[in-house]
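Listed below, chain by chain, are the residues.
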Amino acid sequence: QKEVEQNSGPLSVPEGAIASLNCTYSDRGSQSFFWYRQYSGKSPELIMFIYSNGDKEDGRFTAQLNKASQYVSLLIRDSQPSDSATYLCAVNKGNSNSGYALNFGKGTSLLVTP
Amino acid sequence: NAGVTQTPKFQVLKTGQSMTLQCAQDMNHNSMYWYRQDPGMGLRLIYYSASEGTTDKGEVPNGYNVSRLNKREFSLRLESAAPSQTSVYFCASSARTLQVAYEQYFGPGTRLTVT
């Protein structure tokens, strides 16, 4: 089982709709969870991080974490064409000695249509 | 603040040639990382340095070596390039604490082609 799994998509949503991106992880000891956005030909850009169960909101973005189900999601409200990108879920592995390397999912491609 | 910088941006090598990819960060971060990204494979960790003076292998270290030159700089060396090393290489850095993993910030990447 891959450590971090995401549906590759593409996920297509109309402009103004809510986009829901999902991620599951296998290591129950994971403590830190991150969402990155990557435009084609560019480097990953951090959108949000979440450490505790529940929801965390930042502008149009909401991250949701359920450690019991080993599930983390990202909601994008009022989706815009500029949100069209690949979204990477990342989960920490290791410990303080290992510098907290991250395991990345392969990403979900999001397409927001006008 | 430049964040994380990488040089070069593009490189073409012939099989067997060597080269060093340079990475520097100005955020006073302790930890630095090298990833490669291939279509369909996602980001894979090559090597990382939890703090100045330490380096460790990641998921795909074969064919690479690294040097943590100082707190700011972390280089990746290909001693004898192979076509399988054609990829996009990203350097990243993060703060480090004993309690929690901090977010990583990525450089712009180096696009390497080995013919």
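Refer to the structure presented above.
The notes below deal with the structure included here. (Residues numbered from 1 in each chain as written. Chains lettered and ligands numbered in written order. Predicted model: local features only at pLDDT ≥ 70, side-chain atom pairs only at ≥ 80, totals over all residues. Heavy atoms only, no water.)

1. Looking at the packing of aromatic side chains
Thought 1: Considering all chains together, one arrives at 12 aromatic pairs over all chains under this definition.
Thought 2: Residue placement shows K56 of chain A over the ring face of F49 of chain A; its charged tip is 3.7 Å from the ring centre. (Phe/Tyr/Trp six-rings, centres within 6.5 Å; stacked < 30°, edge-to-face > 60°. Lys NZ or Arg CZ within 6 Å of the ring centre and 35° of its normal.)

2. Topic: unusual backbone geometry
Thought 1: Residue G9 of chain A is joined to P10 of chain A through a cis peptide bond whose omega torsion reads 10 degrees.
Thought 2: Cis peptide bonds are those with omega within 30 degrees of zero, and the linkage from T7 of chain B to P8 of chain B qualifies with -5 degrees.
Thought 3: At D78 of chain A, a residue that is not glycine, the phi angle is positive and equals roughly 50 degrees.
Thought 4: Mapped onto the elements of the fold, D78 of chain A is located in the loop between strand 8 (71–76) and strand 9 (85–92). (Helix = DSSP H or I, 4+ residues; strand = E, 2+ residues; numbered from the N terminus.)

3. A short note on the sheet that holds strand 1 (residues 4–5) of chain A
Residue and element names in this part refer to chain A.
Thought 1: Read from one edge to the other, the open sheet built from 5 strands follows the order 1-3-8-7-6, with strand pairing classed as antiparallel. The open sheet has two edge strands with one neighbour each: strand 1 and strand 6 (54–58).
Thought 2: Bridge count for strand 3 (residues 19–25) against strand 8 is 6 bridges, and the pairing is antiparallel. Bridge assignment links T24 to a residue of strand 8, and that residue is Y71. (Pairing = 2+ DSSP bridges.)

4. Remarks on the sheet that holds strand 7 (residues 64–68) of chain B
All names here are of chain B.
Thought 1: In space, the 4 strands of this open sheet follow the order 1-3-8-7, with antiparallel pairing throughout. At either margin of the open sheet sits one strand with a lone partner, and together these are strand 1 (4–7) and strand 7. Averaged over neighbouring strand pairs, the angle between their axes works out to 20 degrees when direction is ignored. (Axes fitted to C-alpha atoms, helices over the stretch in contact; angles between N-to-C directions.)

5. Thoughts on the side chain of Q70 of chain A
Residue and element names in this part refer to chain A.
Thought 1: Among the secondary structure elements, Q70 is positioned in the loop between strand 7 (61–66) and strand 8.
Thought 2: Here R28 takes part through its side chain, which lies 3.1 Å from a polar atom of the side chain of Q70.
Thought 3: The residues touching Q70, leaving out its near neighbours within four places in the chain, are C23, T24, Y25, S26, D27 and R28. (Polar contact = N/O pair within 3.5 Å; in protein donor to acceptor, adjacent residues only side chain to side chain. Contact = heavy atoms within 4.5 Å.)

6. Some details on the state of the cysteines
Thought 1: For the structure on display, the rule yields 2 disulfides over all chains.
Thought 2: Sulfur-sulfur distance for the disulfide between C23 of chain A and C89 of chain A comes to 2.1 Å. Across the S-S bond linking C23 of chain A and C89 of chain A, the dihedral sits near -70 degrees, which makes this disulfide left-handed. With C23 of chain A in strand 3 and C89 of chain A in strand 9, this residue pair connects regions lying 66 residues apart in the sequence. In terms of burial, C23 of chain A and C89 of chain A fall into one category: buried.
Thought 3: Here C23 of chain B is linked by a disulfide to C91 of chain B, with a sulfur-sulfur distance of 1.9 Å. Between C23 of chain B and C91 of chain B, the S-S dihedral sits near -70 degrees, and the bridge is therefore left-handed. Remark: C91 of chain B occurs in strand 9 (residues 87–94) and C23 of chain B occurs in strand 3 (residues 19–25); sequence separation between them is 68 residues.
Thought 4: Taking the relative accessible area as the measure of exposure, C23 of chain B reaches 3% and is therefore buried.
Thought 5: Look at C91 of chain B and you get buried, because its relative accessible area is 0%. (Disulfide = S-S within 2.5 Å. Buried < 20%, exposed > 50% of the residue type's maximum accessible area, 1.4 Å probe, protein only.)

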